[in-house]
Amino acid sequence: MVDKQIKKRGVVDPRVLAAMAAVPRHRFVPKMLTKQAYADHPLPIPASQTISQPYMVALMAEAAEISPSDRVLEVGTGSGYGAAVLSELAADVVTVERHQKLADAAREMLDELGYDNVTVLNADGSLGYLARAPYAAVVVTASSETIPDPLVEQLADGGRLLIPLGSLGEVQHLTRLRRTGDQSTTESLGWVRFVPLIEDR
Ligand code: SAH
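Now for a quick tour of the structure. No experiment lies behind these values; they were computed from the predicted model shown. (Residues numbered from 1 in each chain as written. Predicted model: local features only at pLDDT ≥ 70, side-chain atom pairs only at ≥ 80, totals over all residues. Heavy atoms only, no water.)

The next thing to look at is the overall build of the chain. Each helix and strand counted, the chain has 6 helices and 9 strands in total. The C-alpha radius of gyration computed for the chain amounts to 15 Å, which stays within 12% of the reference 17 Å derived for 201 residues, consistent with globular compactness. Projected onto the principal axes, the alpha-carbon positions of the chain cover approximately 45 × 35 × 35 Å. Within the span of the chain, comprising 201 residues, buried residues form 52% of the whole. Within the chain, counting contacts between residues at least 6 apart in sequence, those at least 24 apart form 53% of the total. Here the chain displays about 9,600 Å² of accessible surface, and carbon together with sulfur accounts for 52% of that area. For the chain, the separation between the mean place of its 20 positive charges and that of its 25 negative charges on side chains is 7 Å. (Helix = DSSP H or I, 4+ residues; strand = E, 2+ residues; numbered from the N terminus. Rg over C-alpha atoms; globule rule 2.2 N^0.38 Å. Buried < 20%, exposed > 50% of the residue type's maximum accessible area, 1.4 Å probe, protein only. Contact = heavy atoms within 4.5 Å. Areas by Shrake-Rupley, 256 points an atom, 1.4 Å probe, with all protein chains shown as cover. Lys, Arg positive; Asp, Glu negative; His and termini not counted. Charge placed at Lys NZ, Arg CZ, Asp CG, Glu CD.)

S79, E97, D124, G125 and I198 are the nearest of the 26 residues found near the ligand. With respect to the ligand, the side chain of S79 contributes an N or O atom lying 2.6 Å from an oxygen atom. Between the ligand and the protein, one listed contact pairs a nitrogen atom with a backbone N or O atom of R98 at 3.3 Å. For the shell around the ligand, the secondary-structure elements that each account for two or more residues are β2 (49–51), α4 (81–89) and β4 (92–97). If one sorts the elements of the shell around the ligand by residue count, β2 sits on top with 3 residues. Per-class residue counts for the shell around the ligand are 10 nonpolar, 12 polar and 4 charged. (Near = heavy atom within 4 Å. Polar contact = N/O pair within 3.5 Å; in protein donor to acceptor, adjacent residues only side chain to side chain. Nonpolar A, V, L, I, M, F, W, Y, C, P; charged D, E, K, R; others polar.)

Attention now goes to the side chain of E74. Turning to its location among the elements, E74 is positioned in strand β3 (residues 71–75). It is R25 that comes nearest to the buried, bridge-free E74 among opposite-charge side chains, at 10 Å. Engagement of the side chain of E74 in a polar contact is seen with the side chain of T95, the distance being 2.7 Å. Not counting residues up to four positions away in its chain, the partners in contact with E74 are G82, A83, L86, V94, T95, V96, V139 and T141. (Salt bridge = Lys/Arg side-chain N within 4 Å of Asp/Glu carboxyl O.)

Below, the discussion takes up the pairing of strand β6 (residues 135–140). Counting buried residues along β6, 6 of its 6 residues qualify, which places the element largely inside the surrounding structure. Summarising the sheet, β3 and β6 pair through 4 bridges and their orientation is parallel. The partner of E74 across the bridge, within β6, is V139. Here 4 bridges tie β6 to strand β7 (residues 155–165), and the two strands are oriented parallel to one another. The residue of β7 that forms the bridge with V139 is L162. (Pairing = 2+ DSSP bridges.)

Our focus in this paragraph is the packing of helix α2 (residues 14–22) against α4. One can describe the packing of α2 onto α4 by two numbers: an axis separation of 9 Å at closest approach and a directional angle of 130°. On the basis of their axis angle, the class for α2 and α4 is oblique. Regarding α2 and α4, the two cross each other, and that crossing is right-handed. Here α2 contributes R15, V16, A19, M20 and A22 to the contact with α4, which in turn contributes Y81, V85, E88 and L89. (Axes fitted to C-alpha atoms, helices over the stretch in contact; angles between N-to-C directions. Parallel < 35°, antiparallel > 145°, perpendicular 65-115°, else oblique. Left-handed = near helix turned anticlockwise from the far one by under 90°.)

Let us now look at the packing of aromatic side chains. This structure, assessed with the given rule, holds 1 aromatic pair. Taking the centre distance of 5.9 Å and the plane angle of 65° together, the rings of F28 and Y81 count as edge-to-face. Of the two residues, F28 sits in the loop between α2 and β1 (43–45) while Y81 sits in helix α4, which places them 53 residues apart along the sequence. What makes F28 buried here is its relative accessible area of 5%. In this arrangement the basic side chain of R9 is found over the ring face of Y55, its NZ or CZ atom lying 4.9 Å from the centre. Over the ring of Y81 we find R25; its NZ or CZ atom is 4.8 Å from the centre of that ring. (Phe/Tyr/Trp six-rings, centres within 6.5 Å; stacked < 30°, edge-to-face > 60°. Lys NZ or Arg CZ within 6 Å of the ring centre and 35° of its normal.)

Shown next as structure tokens:
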């Protein structure tokens, strides 16, 4: 998976490649899909959601430029797979999921596998999680038309935010926002397709 799907498409960060090799993806997919766990595409998980394609997880992790001392916020825990990859790269990870069943299942699997630097919360992640802010990186794994303000406000000076931006039902631009003081710049990293971010407000 790492050589054929990830390195080949240009992900080079050795820490990201090591994290992708380390996390047992088959533990995060539904049992009946175990055989497809390392295939080059997303897979369905409960609540009509998806576990992202391995390459997409690696691309976002690399683009987030995570250092070992960083605190990272993930919005959209889903299966917990992305959180496990981030936890290999960062000091600690806060991940937020709006579906209680997914949050509970992800927490259980992350605990079982010993990812003890991850906190899984069941809430609307578009509000971020102020109690643990600021975050050196914010990784949003669901698509939105705009970047939710709280996520930018909770980003550390120098922090990076990754989010698929675009209209419902269309492909999105994977966008990286970089915060410098009260200023921010954004750039597009290419086309992607994610399930929508649902704001519960
Ligand atoms: N990172 C995941 C991919 C999950 S797909 C993985 O590795 O498996 C995106 C997830 O975002 C879905 O589980 C969906 O329920 C969740 N989501 C959508 N809107 C949300 C919101 N406002 N807050 C938290 N989670 C949200």
